[in-house]
Amino acid sequence: MLLPWVSLLNGQTHYESHVHVGGHAGVTMSEMSFSPSVKQKFTQGLTMGVAVRYAEERHVGLIAELNLAQRGWAEKFEESPLNYSRTLTYIDLPVMTHIFFGGRNFKGFVNLGPQISYMVGSSISSNFDYANPKSDPDFPTTFRMTEQMSMPVKNKFDYGITAGLGCEGIIRRRHSVMLEARFYYGLGNIYSSTKKDTFSASRNISLAITLGYMFRIK
């Protein structure tokens, strides 16, 4: 039973490890997972950050990032001039397994792992009095939650799972350019979620599209 593992370890000794550093930037599309549900649509934001990647040539490695990302949500008003959006700005620290495949000059990859985040900013954009929305004659009050628009954020710390799919083009061995689509699902709630509170769930959901550059230092 041990012989295949011994052979595998002996066969891997000649592979050279790779270490890359770099940065990336792009856009986010976000909403919240509310319970009870809230009529909403995706809101757009920005993301940027730096990354360190360590990988063996056996197609598996690790990647850690430090990112600044905007998430949040926008209220959905059918056939109404009203608009409301809330932007939540986070510092993110994802640590992911990096699985890559392909040839010498072009590769595909999958990133998957946990992420912790801390909120450093919150802003609201609205063209009506969101603290008293029912005072506006154009506001649709039927079967609609309104508390989330004025409630202060209770929990600034967030954690969740992130997964990305992308491609990488290698230029002159040490330089590479990457394009990635990454999904994040938060497991923490931004509002208090006890039995007496309004929402039992208020979790971040976002999709990020980024363009990045990596430089191989080893």
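Higher on the page you've got the structure.
Residues numbered from 1 in each chain as written. Predicted model: local features only at pLDDT ≥ 70, side-chain atom pairs only at ≥ 80, totals over all residues. Heavy atoms only, no water.

1. Some details on the side chain of H20
Locating H20 in the fold gives a position in strand β1 (residues 18–35). Look at H20 and you get buried, because its relative accessible area is 9%. For H20, the residues in contact, after removing those within four places along its chain, are A51, V52, R53, M214, F215 and R216. (Helix = DSSP H or I, 4+ residues; strand = E, 2+ residues; numbered from the N terminus. Buried < 20%, exposed > 50% of the residue type's maximum accessible area, 1.4 Å probe, protein only. Contact = heavy atoms within 4.5 Å.)

2. Focus on the pairing of β1
Sheet topology note: the β1/strand β3 (residues 43–55) ladder contains 13 bridges and is antiparallel. Looking at β3, one finds that G23 is bridged to V50. Pairing geometry for β1 and strand β9 (residues 201–216), over 16 bridges, is antiparallel. Among the inter-strand pairings, S35 is bridged to a residue of β9, identified as A201. (Pairing = 2+ DSSP bridges.)

3. A few points about the environment of L112
Examined against the element boundaries, L112 turns out to sit in strand β6 (residues 106–126). Overall, L112 belongs to the partly exposed group, its relative accessible area being 48%. Note: C-alpha distance between L112 and S125 (13 residues apart in sequence) is 33 Å. Among all residues touching L112, those that are not within four sequence positions of it are M96, T97, I161, T162 and A163.

4. Let's talk about the pattern of salt bridges
Under the criterion given, the structure shown has five salt bridges. Residue E75 is joined to R144 by a salt bridge in which the shortest nitrogen-to-oxygen separation is 3.4 Å. Taken together, the residues E75 in strand β4 (residues 60–75) and R144 in the loop between β6 and β7 (157–171) connect sequence positions 69 residues apart. R144 shares its class with E75; the two are buried. As a salt-bridge pair, E180 and R182 come within 2.9 Å of each other at their nearest N and O atoms. Taken as a pair, E180 and R182 share a single burial class, namely buried. What you see here is one network of salt bridges that share partners, running through E65, E180 and R182. (Salt bridge = Lys/Arg side-chain N within 4 Å of Asp/Glu carboxyl O.)

5. Brief notes about the packing of aromatic side chains
In total, this model carries 10 aromatic pairs according to the counting rule given. Judged by centre distance (6.3 Å) and plane angle (45°), the rings of W73 and Y84 are tilted. Of the two residues, W73 is situated in strand β4 and Y84 in strand β5 (residues 84–102); the sequence distance between them amounts to 11 residues. Taken as a pair, W73 and Y84 share a single burial class, namely buried. Pairwise contacts between aromatic rings join F34, W73, Y84, Y130, Y191 and F199 into one cluster. Its end group placed over the ring of Y90, R71 keeps NZ or CZ at 4.3 Å from the ring centre. (Phe/Tyr/Trp six-rings, centres within 6.5 Å; stacked < 30°, edge-to-face > 60°. Lys NZ or Arg CZ within 6 Å of the ring centre and 35° of its normal.)

6. Looking at the environment of T194
With respect to the element layout, T194 can be found in the loop between β8 (175–186) and β9. T194 sits 119 residues away from E75 along the chain, and the two C-alpha atoms are 24 Å apart. Among the polar contacts made by the side chain of T194, one reaches the side chain of D197 at a distance of 2.5 Å. (Polar contact = N/O pair within 3.5 Å; in protein donor to acceptor, adjacent residues only side chain to side chain.)

7. Observations regarding the nonpolar core
With 17 residues, the main nonpolar core has F34, W73, F128 and I190 as its most contacted residues. Elements supplying a minimum of two residues to this core: β1 and β5. Counting residues in hydrophobic clusters, the runner-up holds eight residues, among them A51, A55, M178 and M214. (Core = buried A, V, L, I, M, F, W, Y, C linked by side-chain atoms within 4.5 Å.)

8. Details of the pairing of β4
Looking at chain direction, strand β2 (residues 40–41) and β4 are connected through two bridges and run antiparallel. By the bridge assignment for β4, Q40 is matched with E75. Relative to β5, β4 is paired through 13 bridges, and the arrangement is antiparallel. Note on β5: the bridge partner recorded for R71 is L88.

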